[in-house]
Amino acid sequence: MSAARGLLAAASALALLLTGCADTRDTAHTEKIATYTDPPLPAQATQLPSDAPPPPETGEDCGDPAASLRPTGGRGARGPSLDAIRARGRLLVGLDAGSNLFSFRDPISGAIVGFDADIAREVARDLLGSPDLVEFRSLGSADREQALQDRTVDIVAKTMTITCERRTKVAFSTVYLRAGQRVLTMKNSGIDGIADLAGKRVCVVSGTTSLDRIRREQPAATVLTVPTWADCLVVLQQRQVDAVSTDDSILAGLAAQDPYTEVVGEAISVEPYGIGITKGNDDLVRFVNATLDRLRRDGTWTTIYNRWLTSLGPNPGPPAPTYED
């Protein structure tokens, strides 16, 4: 009998111990649920003050900002910038390595691919004899002009809108693609365009023309700025903002990654994209324009567009160039 009572006591103690462990786990689980918060915003995200005045128009007047230097010389052209790149043996290209459809890392090959990446490779083909002699360097939108001024890249191929204000700092090729600013939102959100963004939270990347335009066109919106458009997609998916606004070409790349989003509204701007080049490197500007001219004439531009940008609609054909001289 004594042994039986001992076994019973041991069993009771073990049951109490197990019960105590179970209670501890349940309590910890309950505490975790109680302290759950929304996901943090991306690093360097900034909410602009709701009462901040919209930026004024720059007032810069450079005639036709899309006009560029006439191409000369073709593949055999010489010049100080061209000779330096040939001596180095590779073309340094600034772009966004996370911009779907334009410049992003292929998950299988690991290579940087997309519309902008292919355009840059064609410049390398003509200048260095191979599209593979290119070194891509990832840049934030706010860093594009500085990278050219610091000469850490030769060209920037990153959905860069040509403006008079930017032309005071860097040079541009002729236009190689045109886009227009619109809105990306979740399907059935009730947002159908810029006018519906009053009182809503909108994500825009800092250092872009899209930021200034949304603040002028819809000052009643609350604007969240982040470093990349991929960050904008994340905060939209997490419902930390109601919409994203930028060029429809960029928005199409975001929408392709999430079937629950859609691009809405009419375009509120015309965005002419040019290849950014260090100011004063006229030989490189003319050379890049010669490559773009070849792409228009031999059908390569159409091939590249059909490879990446059919989600934007029917192929519009390459933009006609405008030359300064």
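What you see is a predicted model, and the numbers here were worked out from it, not measured in a lab. (Residues numbered from 1 in each chain as written. Predicted model: local features only at pLDDT ≥ 70, side-chain atom pairs only at ≥ 80, totals over all residues. Heavy atoms only, no water.)

Caption draft 1: Fine view of the packing of aromatic side chains. The tally for this structure, following the rule as stated, stands at 7 aromatic pairs. Pairing F102 with Y273 gives two aromatic rings, centres 6.4 Å apart and planes at 75 degrees, and the pair type is edge-to-face. In this pair, F102 sits in the loop between β3 (98-99) and β4 (103-105) while Y273 sits in strand β14 (residues 271-278), placing the two residues 171 residues apart along the sequence. Side by side, F102 and Y273 carry an identical accessibility label, which is buried. Feature note: the residues F102, F115, Y176, Y273, W301 and Y305 constitute an aromatic cluster, connected by ring pairs. (Phe/Tyr/Trp six-rings, centres within 6.5 Å; stacked < 30°, edge-to-face > 60°. Helix = DSSP H or I, 4+ residues; strand = E, 2+ residues; numbered from the N terminus. Buried < 20%, exposed > 50% of the residue type's maximum accessible area, 1.4 Å probe, protein only.)

Caption draft 2: Focus on the pattern of salt bridges. Following the criterion strictly, the structure yields 18 salt bridges and no others. A salt bridge links D126 to R294, with the shortest nitrogen-to-oxygen separation between them at 3.1 Å. A residue pair is termed long-range when its members are at least 10 positions apart, and D126 in helix α3 (residues 115-128) and R294 in helix α9 (residues 282-298) qualify at 168 residues. By the burial criterion, D126 is buried, and R294 matches it. With its nearest N and O atoms 2.5 Å apart, the salt bridge here joins R167 to E324. Here R167, found in helix α5 (residues 164-167), pairs with E324, found in the segment after α10 (300-308); they are 157 residues apart in sequence, far enough to count as distant. Judged by its relative accessible area of 19%, R167 falls in the buried class. The class for E324 is partly exposed, based on a relative accessible area of 43%. Each of the salt bridges in this network shares a partner with another, and the network as a whole consists of R75, E122, R125, D126, R294 and D298. (Salt bridge = Lys/Arg side-chain N within 4 Å of Asp/Glu carboxyl O.)

Caption draft 3: How the structure looks around the nonpolar core. One finds L91, F115, I119, L177, L197 and V244 to be the most contacted residues of the largest nonpolar core, which totals 72 residues. It is α3 that provides the largest number of residues to this core, a total of 8 residues. The contact partners of L91, leaving out residues within four places of it in the chain, are I85, A120, V123, A124, L127, L128, L133, V134, E135, D154 and I155. (Core = buried A, V, L, I, M, F, W, Y, C linked by side-chain atoms within 4.5 Å. Contact = heavy atoms within 4.5 Å.)

Caption draft 4: Quick look at the state of the cysteines. Inspection of every chain in the model, using the stated rule, returns 2 disulfides. Linked covalently through their sulfurs, C62 and C164 form a disulfide whose S-S length is 2.1 Å. Its torsion about the S-S bond being -85 degrees, the disulfide of C62 and C164 is classed as left-handed. Of this pair, C62 sits in the loop between β1 (46-47) and α2 (80-88) while C164 sits in helix α5, and the two are 102 residues apart along the sequence. Given the relative accessible area of 14%, C164 is considered buried. Here C203 is linked by a disulfide to C232, with a sulfur-sulfur distance of 2.1 Å. Here the disulfide of C203 and C232 is left-handed, its torsion about the S-S bond being about -85 degrees. Taken together, the positions of C203 in strand β10 (residues 201-205) and C232 in helix α7 (residues 229-237) put the pair 29 residues apart, joining distant regions of the chain. (Disulfide = S-S within 2.5 Å.)

Caption draft 5: Quick peek at the sheet that holds strand β7 (residues 155-156). Strand order in the open sheet formed by 5 strands is β6-β2-β7-β14-β8, and the pairing between neighbours is mixed. The open sheet has two edge strands, β6 (134-138) and β8 (170-179), and neither has a second partner. Two elements, strand β2 (residues 91-95) and β6, share 5 bridges in a ladder whose sense is parallel. For L92, the partnering residue across the bridge sits in β6 and is E135. Packing against the sheet, α3 makes contact with β2, β6, β8 and β14, and its axis sits at approximately 165 degrees to β2. (Pairing = 2+ DSSP bridges. Axes fitted to C-alpha atoms, helices over the stretch in contact; angles between N-to-C directions.)

Caption draft 6: Representation of unusual backbone geometry in the model. Of note in the backbone geometry, R151 takes a positive phi value of approximately 60 degrees without being a glycine. Here R151 lies in the loop between α4 (144-149) and β7. Within the chain, T159 stands out as a residue other than glycine whose phi angle is a positive 35 degrees. Along the chain, T159 turns up in the loop between β7 and α5. For T159, a relative accessible area of 9% corresponds to the buried category.

Caption draft 7: Focus on helix α8 (residues 248-255). Most of α8 sits out of view: 8 of its 8 residues are buried. By the burial criterion, the buried members of α8 are D248, S249, I250, L251, A252, G253, L254 and A255. Turning to α8, the residues buried within the fold contact β8, β9 (181-186), α7, β12 (243-247), β13 (261-264) and β14.

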